[in-house]
Amino acid sequence: MATIEKELVVSDVEKTASLESPASTTELSPLQYRKLIWKLDVHLLPPLFALWFVSLVDRINIGSANIFGVQKDLHMNPKSNDFNICLIIVLMGLITCEVPSNWLLKKTSPSKVLAIESVLVGNAVSTAFGGLLALAIAGIKSNNHYSPWRWIFIIEGCMTIGITLLAYPFLCDWPTTAKWLTSTEKDILATKIRGQGMIGRMDNLNKKALLRIFLDWKMYIVVAIFAPTIINQFKAGQSPRHVQALVIPIFAAASVACLTTAFASDKLKHRSAFALFGYAMSAVGAGILMNQSHVSIHVKYGALFFMGCGAYISLPMLWTMLVNNVSGSYKTGIAIGIEVGIGNFGGIASALPIHIAIVGGGIGGCILGVALSKFPHITFTIYETHSAFGEIGAGIGFGANSHNAMSLISAAVWEGYKSRASFNGWPEKENVWFDFCVGEKGENEGKRIIEVIMPGAMTQSTAHRAHFLEELVKLLPKGCSEFNKKLVDVDQSGERVICKFADGSQAEADAVVGCDGIKSACRTFVFEKELASPVFTQKVAYRGLVPMKIAEEAIGKEKANNRQMYLGHRGHVLTFPVAKGALMNVVAFHSSQSDTERGNVWAIFDHPPVPTFHNERLCLLGDAAHATSPHFGQGAGMAIEDAYVLSNLLGACNSTLEITKAFDAYDYVRIPRALKVTELSREQGKRLDMEGAAEGDDLEMIAGDLNTTVRWIWNEDLEAHLAVAMKNFEDSKT
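Residues numbered from 1 in each chain as written. Predicted model: local features only at pLDDT ≥ 70, side-chain atom pairs only at ≥ 80, totals over all residues. Heavy atoms only, no water.

**Structural notes on the overall build of the chain**
Helices and strands together make up the secondary structure of the chain, namely 29 helices and 18 strands. Each of the 734 residues in the chain was classed as buried or not, and the buried ones make up 51%. Here the chain has roughly 33200 Å² of accessible surface; of this, 60% comes from carbon and sulfur atoms. (Helix = DSSP H or I, 4+ residues; strand = E, 2+ residues; numbered from the N terminus. Buried < 20%, exposed > 50% of the residue type's maximum accessible area, 1.4 Å probe, protein only. Areas by Shrake-Rupley, 256 points an atom, 1.4 Å probe, with all protein chains shown as cover.)

**Let's talk about the packing of aromatic side chains**
Applying the stated criterion to the full structure yields 14 aromatic pairs. Between the aromatic rings of Phe389 and Phe483, the centroid separation amounts to 5.0 Å while the plane-to-plane angle is 80 degrees, which identifies the pairing as edge-to-face. One end of the pair, Phe389, is in the loop between β2 (378-383) and β3 (395-398); the other, Phe483, is in the loop between β7 (481-482) and β8 (487-491), with 94 residues separating them in the sequence. On the basis of relative accessible area, Phe389 is assigned to the partly exposed category, the value being 22%. Arranged with centres 5.5 Å apart and planes meeting at 90 degrees, the rings of Trp433 and Trp714 form a pair that is edge-to-face. Of this pair, Trp433 sits in strand β4 (residues 432-438) while Trp714 sits in helix α28 (residues 709-714), and the two are 281 residues apart along the sequence. For the pair Trp433 and Trp714, one class covers both residues: buried. (Phe/Tyr/Trp six-rings, centres within 6.5 Å; stacked < 30°, edge-to-face > 60°.)

**A look at the sheet that holds strand β18 (residues 618-620)**
Spatially, the six strands line up as an open sheet ordered β7-β2-β1-β11-β18-β17, and their pairing is mixed. Either end of the sheet is taken by a strand with one partner, and the two such strands are β7 and β17 (614-615). Note: β17 against β18, two bridges, orientation antiparallel. Across the sheet, His614 pairs through a bridge with Cys619, a residue of β18. (Pairing = 2+ DSSP bridges.)

**Description of the side chain of Arg673**
Topologically, Arg673 is positioned in helix α26 (residues 659-688). Within polar-contact distance, the side chain of Arg673 engages the side chain of Glu641 at 2.8 Å. Separated by 3.0 Å, the side chain of Arg673 and the backbone oxygen of Ile713 make a polar contact. (Polar contact = N/O pair within 3.5 Å; in protein donor to acceptor, adjacent residues only side chain to side chain.)

**So, the packing of α26 against helix α29 (residues 718-732)**
Axis separation between α26 and α29 bottoms out at 8 Å; the angle between their running directions is 145 degrees. Between α26 and α29 lies a crossing of right-handed hand. Only His721, Val724, Ala725, Asn728, Phe729 and Ser732 of α29 make contact with α26, whose side of the interface consists of Lys661, Ala662, Asp664, Ala665, Tyr668, Val669, Arg670 and Arg673. Among the residues making up the contact of α26 with α29, the classes are represented as seven nonpolar, three polar and four charged. (Axes fitted to C-alpha atoms, helices over the stretch in contact; angles between N-to-C directions. Left-handed = near helix turned anticlockwise from the far one by under 90°. Contact = heavy atoms within 4.5 Å. Nonpolar A, V, L, I, M, F, W, Y, C, P; charged D, E, K, R; others polar.)

**Considerations on the pairing of strand β14 (residues 571-578)**
Counting buried residues along β14, seven of its eight residues qualify, which places the element largely inside the surrounding structure. The loop that links strand β13 (residues 564-568) with its antiparallel partner β14 comprises two residues; one of these, Arg570, has a positive phi angle of about 65 degrees. Hairpin connection from β14 to strand β15 (residues 583-591): four residues lie between these consecutive antiparallel strands, with Ala579 at a positive phi of about 55 degrees.

**Some words on helix α27 (residues 699-706)**
Those residues of α27 not exposed but buried are Leu699, Ile702, Ala703 and Leu706. Around the axis of α27, the buried residues are gathered within 100 degrees of arc, so they sit on the same side. Buried residues along α27 sit against β4, β5 (448-453), β13, α26 and α28. Capping the start of α27 is the job of one residue whose side-chain oxygen sits 3.0 Å from the backbone nitrogen of Glu700: Asp698. (Arc of directions from axis to C-beta.)

**Digging into the state of the cysteines**
Tallied over the entire structure, the rule returns zero disulfides. Left without a disulfide partner, Cys499 is nearest to the cysteine sulfur of Cys522, which lies 7.0 Å away. Here Cys515 is not disulfide-linked; the sulfur of Cys522 is the nearest cysteine sulfur, at 7.9 Å. (Disulfide = S-S within 2.5 Å.)

**Things to note about unusual backbone geometry**
Backbone geometry at Lys269 places phi at a positive 55 degrees, although glycine is not the residue there. Mapped onto the fold, Lys269 is located in the loop between α12 (240-268) and α13 (272-290). On the basis of relative accessible area, Lys269 is assigned to the exposed category, the value being 72%. Even without glycine at this site, Arg570 takes up a positive phi of about 65 degrees. As for its placement among the helices and strands, Arg570 is situated in the loop between β13 and β14.

**Things to note about the environment of Thr260**
Relative to the elements of secondary structure, Thr260 occurs in helix α12. For Thr260, a relative accessible area of 49% translates into the label partly exposed. As a C-alpha pair, Thr260 and Ile313 span 53 residues in sequence and 8.8 Å in three-dimensional space.

**Points about the confidence of the model for the chain**
Of the residues in the chain, 72% reach a pLDDT of 70 or more, and the chain-wide mean stands at 80. In the predicted structure, residues 1-25 sits below a pLDDT of 50 and forms 75 contacts with residues beyond four places in sequence or in another chain. (pLDDT = per-residue confidence, 0-100.)

**Observations concerning the sheet that holds strand β12 (residues 535-547)**
If you walk across this open sheet you meet the seven strands as β5-β4-β13-β14-β15-β12-β16, and the pairing is mixed. The open sheet terminates on both sides in strands that have one partner only, identified here as β5 and β16 (601-606). Averaged over all neighbouring strand pairs, the angle between strand axes comes to 20 degrees, with direction disregarded. Against the sheet, helix α22 (residues 548-555) engages β12, β13, β14 and β15, with an angle of about 100 degrees to β12. Strands β4, β5 and β13 of the sheet are contacted by α27, whose axis makes an angle of about 10 degrees with β5.

**Notes on the nonpolar core**
Ranked by internal contacts, the top residues of the largest apolar core, which has 80 residues, are Ile356, Phe468 and Leu621. The residues touching Phe468, leaving out its near neighbours within four places in the chain, are Ile363, Phe398, Met406, Val413, Tyr417 and Ile640. The next biggest cluster of nonpolar side chains, apart from the first, holds 33 residues, and it includes Val578, Val587, Phe632 and Met638. (Core = buried A, V, L, I, M, F, W, Y, C linked by side-chain atoms within 4.5 Å.)

**What to know about the pattern of salt bridges**
Side chains that differ in charge, positive against negative, can pair when their charged atoms come close. The final tally for this structure, using the stated rule, is 26 salt bridges. A salt bridge links Lys474 to Glu471; the nearest nitrogen and oxygen atoms lie 3.1 Å apart. Remark: Glu471 and Lys474 occur in helix α20 (residues 465-474); sequence separation between them is three residues, near one turn of the helix. Classification of Lys474 by relative accessible area gives exposed; the value is 60%. Here Glu471 falls in the buried class, since its relative accessible area comes to 10%. (Salt bridge = Lys/Arg side-chain N within 4 Å of Asp/Glu carboxyl O.)

**Digging into helix α25 (residues 635-651)**
For an α-helix, the turn length of 3.6 residues means that residues three or four places apart are oriented alike. Across its 17 residues, α25 extends 24 Å between first and last C-alpha, which sits within 8% of the 24 Å expected from 1.5 Å per residue. The buried fraction of α25 is high, at 17 of 17 residues. (Expected span 1.5 Å × (residues − 1).)

**What to know about a nonpolar patch on the surface**
On the surface, a nonpolar cluster with roughly 230 Å² of combined accessible area is contributed by Tyr146, Ile154 and Ile155. Note on placement: Ile154 falls in helix α8 (residues 148-167). (Patch = residues over 30% accessible without salt bridge, like charges linked within 9 Å, V, L, I, M, F, W, Y side chains within 5 Å.)

**Brief notes about the pairing of strand β9 (residues 497-501)**
Among the five residues that make up β9, four are buried, leaving the element largely enclosed by the rest of the structure. Inspection of the sheet shows β8 paired to β9 by four bridges, in the antiparallel sense. The residue bridging Leu487 from the neighbouring strand is Phe501, located in β9. The antiparallel hairpin formed by β8 and β9 contains five residues in its connecting segment. The turn joining β9 and strand β10 (residues 506-509), which pair antiparallel and follow one another in sequence, is formed by four residues; a positive phi near 90 degrees is taken by Gly504.

Quick look at the structure:
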């Protein structure tokens, strides 16, 4: 808490004010003066550094304790703000005590105040060391079954008390009481302090003085720069000890940067350029993290080094600049207290996260969870009806737009998907969407209609639904899901949304996102029955999986290993490889007036057009919002696009009050695109069954439409799409 400033500026100024005038001071040669400064450093800095070091080592252990299970052991609800409220209480104590503690320096001795503060509240070096110590302590296995977080508090707390007791005898209150200073050296210090303007008119504290102190604009200029400097926590999807280990190098580098620039600024007698350099580094790091969906996890981790080093370079410079621009012991002490105290409000700003309840643990719900997990102020819980994550159906297809959406959400999503996906088996067929031919008996049987080629680097892929879901689940934070939770009601009448489940339990959240599929329970709380219910498209499908060896024997290697579509009147069949080419997925569609599902018969439904995808703080995503027929293979792809847009909008919310504005912006871009895809897919189903209003069974017209309609879906610029949504969101706040 600006300890050195309190000792050297506030305390020394007050006592040296009574020393003899500068005229009686003996002049020192440059060599003698350097020896005096070295003498001060040797006697003052070690005990002060020790106190500062241990106070912060002890103070930061709450973050380490959280990693190692304090919430679970103390029965805090991880979906509530229990832990964050505890942090706020601590931070408010630190904020309110900053100015009074500086005032106490006037009323008692600095050595006592500093020693007491070090014990009660606990530089970058201490942060790094604290993390390293917590990492070592976390490995302790004790017979009393104490959790690692308890040992962190016990050992680091005892270390703080012990070092404080050892340092106390070496603390010096005033130059006049320093036994290791000669009378000449005391005179020189008094002259130096007066000469640098540290003595001013603010050495008597009354109402008039307080008014002048709090109306000094220089204090608030520095505070305004300091307050927004918040380094977001980096949380890797690894074990707690690994997370703890990842934090240590950041602050080790920050300590080196801090000490190096401090030495250089003293040498050059210049502060502002170093402060600006530090903020530039922080800005680079923040810029990378603001666009983290476009960079690898290693680049994001490197960005934290920029932010950490930048903050620890700039903040000490700002502290010193503040001290140099105010005078008088009271004003200096209060200014330092205000600066550091208000800076702690940054901790409060980040202590209350936005909690999202995700209803449905399919592909849509899980990928939204993955997308939200990169935002430190967003927490979420996935509520799944069944006893485990699962997907209905076998094969699933994705086009270029879906591949792009995966990559934009997370490189890990795209890499995980590719590890389980199948592309066309033959390299020369890699850029073929589907090879369309006539499949029904007759004179045109086997005739190729068109082979639709994807341009450039575009690809089409297929996978087993369950396999893709497994990859998504691997990327979710531990403990973010609850099973056997069938939603029966949503109550939005209070400050928070309450989800009620069939087992009698309830859960609170700041908002709810329904990802529970075409028969969504959430949808019934957004629309009346007419719009809530899906509509039968008069198509049914038969699905199955065939071992690739058997498929090759039946239709040949080329057709079995590459995407094929066989068209006929009132029906069509598509085949494609899944499970990395081990299986061939077969889906046979047929026109029907009956929506009865039996055995392997799958009735095809979609949703009617709607004016919105949300009702206040309940929003819909994927099939819950806009179920579409599968004729473009865009059902899951649209859900991934939804997750990309919605996660970024929620991540841009600074408070729960902005959530509905984020949902409005989501509607603004997703409704036109998703509803058009639904409409085009229904038309595509008719076209593939030779029932199109314009084409009928005209193979030439069918070929032309097959080669053009799908490209509108593929060619969407999702980053520009998101930019439109973000602009709408920002405009709504003005």
